[in-house]
Amino acid sequence: QVQLVESGGGSVQAGGSLSVSCAASGYRSRCMGWFRQAPGKERDGVAAISTDGTITVYADSVKGRFTISRDNAKTTVYLQMNSLKPEDTATYYCAADAGPYCAPSLQRNRYDYWGQGTQVTVSS
């Protein structure tokens, strides 16, 4: 059974930094991505990364502040969040595809597996 487990969420003041991680089990992921959902809003793509980690895609709202990366084993993906703003407050979800080939994408329907989410809260 494929499982994705996020960790590292928490609370931080505006301007601070936080990192979250996603560990995959049950299969070896290819492309992976981070999405977030704030109360009353749709789940939106934040960042995505290619199988080899060389290609990354970011939402305009986080570009220059967030960095997505993955380890050499390609079983864990990270999201480093700097210069956090209150509007970054959301539940952050990890997603992974199952196909042998992929390109990183911020589209929700491109992913097959999802984690349970981890809460990130940024206070003013």
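See the structure above.
Residues numbered from 1 in each chain as written. Predicted model: local features only at pLDDT ≥ 70, side-chain atom pairs only at ≥ 80, totals over all residues. Heavy atoms only, no water.

Visitor: Just to check I follow, could you spell out the overall build of the protein for this structure?
Guide: A tally of helices and strands in the protein yields 0 helices and 11 strands. Over its C-alpha atoms the protein spans a radius of gyration of 13 Å, differing by no more than 12% from the 14 Å that the globule rule assigns to 124 residues. Taking the principal axes of the C-alpha coordinates as reference, the protein spans close to 45 × 25 × 25 Å. Expressed as a percentage of its 124 residues, the buried residues of the protein come to 42%. A gap of 2 Å separates the mean positions of the 12 positive and 10 negative side-chain charges of the protein. (Helix = DSSP H or I, 4+ residues; strand = E, 2+ residues; numbered from the N terminus. Rg over C-alpha atoms; globule rule 2.2 N^0.38 Å. Buried < 20%, exposed > 50% of the residue type's maximum accessible area, 1.4 Å probe, protein only. Lys, Arg positive; Asp, Glu negative; His and termini not counted. Charge placed at Lys NZ, Arg CZ, Asp CG, Glu CD.)

Visitor: What am I meant to see in the sheet that holds strand S1 (residues 3-7) here?
Guide: Think of a sheet as strands paired side by side through backbone hydrogen bonds, with each pair either parallel or antiparallel. Strand order in the open sheet made by the 4 strands is S1-S3-S8-S7, with antiparallel pairing throughout. Sheet topology places S1 and strand S7 (66-70) at the edges, where each strand pairs with a single neighbour. With direction set aside, neighbouring strand axes in the sheet form an average angle of 15 degrees. Of the pairings in the sheet, the one linking S1 to strand S3 (residues 18-25) comprises 5 bridges and is antiparallel in character. Residue Glu6 lies in a different strand from S3, and its bridge partner there is Cys22. (Pairing = 2+ DSSP bridges. Axes fitted to C-alpha atoms, helices over the stretch in contact; angles between N-to-C directions.)

Visitor: What should I look at first to understand the nonpolar core in this one?
Guide: One recurring pattern in soluble globular proteins: nonpolar side chains tend to sit buried together. Ranked by internal contacts, the top residues of the largest apolar core, which has 27 residues, are Trp34, Leu79, Met81 and Tyr92. Those elements giving two or more residues to this core turn out to be S3, strand S4 (32-37), strand S5 (44-49), S7, strand S8 (76-81), strand S9 (90-96) and strand S11 (118-123). Residues in contact with Met81, not counting those within four places in the same chain, are Gly16, Ser17, Leu18, Val20, Arg65, Phe66, Tyr92 and Val120. (Core = buried A, V, L, I, M, F, W, Y, C linked by side-chain atoms within 4.5 Å. Contact = heavy atoms within 4.5 Å.)

Visitor: Explain the state of the cysteines to me, please; I cannot follow it from the model alone.
Guide: Think of a disulfide as a covalent bridge from one cysteine sulfur atom to another cysteine sulfur atom. A full pass over the atoms with the stated rule returns 2 disulfides. Disulfide partner of Cys22: Cys94, at an S-S distance of 2.0 Å. An S-S torsion of about -80 degrees defines the bridge between Cys22 and Cys94 as left-handed. With Cys22 in strand S3 and Cys94 in strand S9, the pair connects residues that are 72 residues apart, well separated along the chain. Under the relative-accessibility criterion, Cys22 is labelled buried at 0%. In this model Cys31 forms its disulfide with Cys102; the gap between the sulfur atoms is 2.0 Å. Note on the Cys31 and Cys102 pair: the S-S dihedral is about 95 degrees, so by sign convention the disulfide is right-handed. On the criterion of sequence distance, the pair formed by Cys31 in the loop between S3 and S4 and Cys102 in the loop between S9 and strand S10 (113-114) is long-range, its members being 71 residues apart. (Disulfide = S-S within 2.5 Å.)

None of the figures reported here should be taken as evidence of function without further support.
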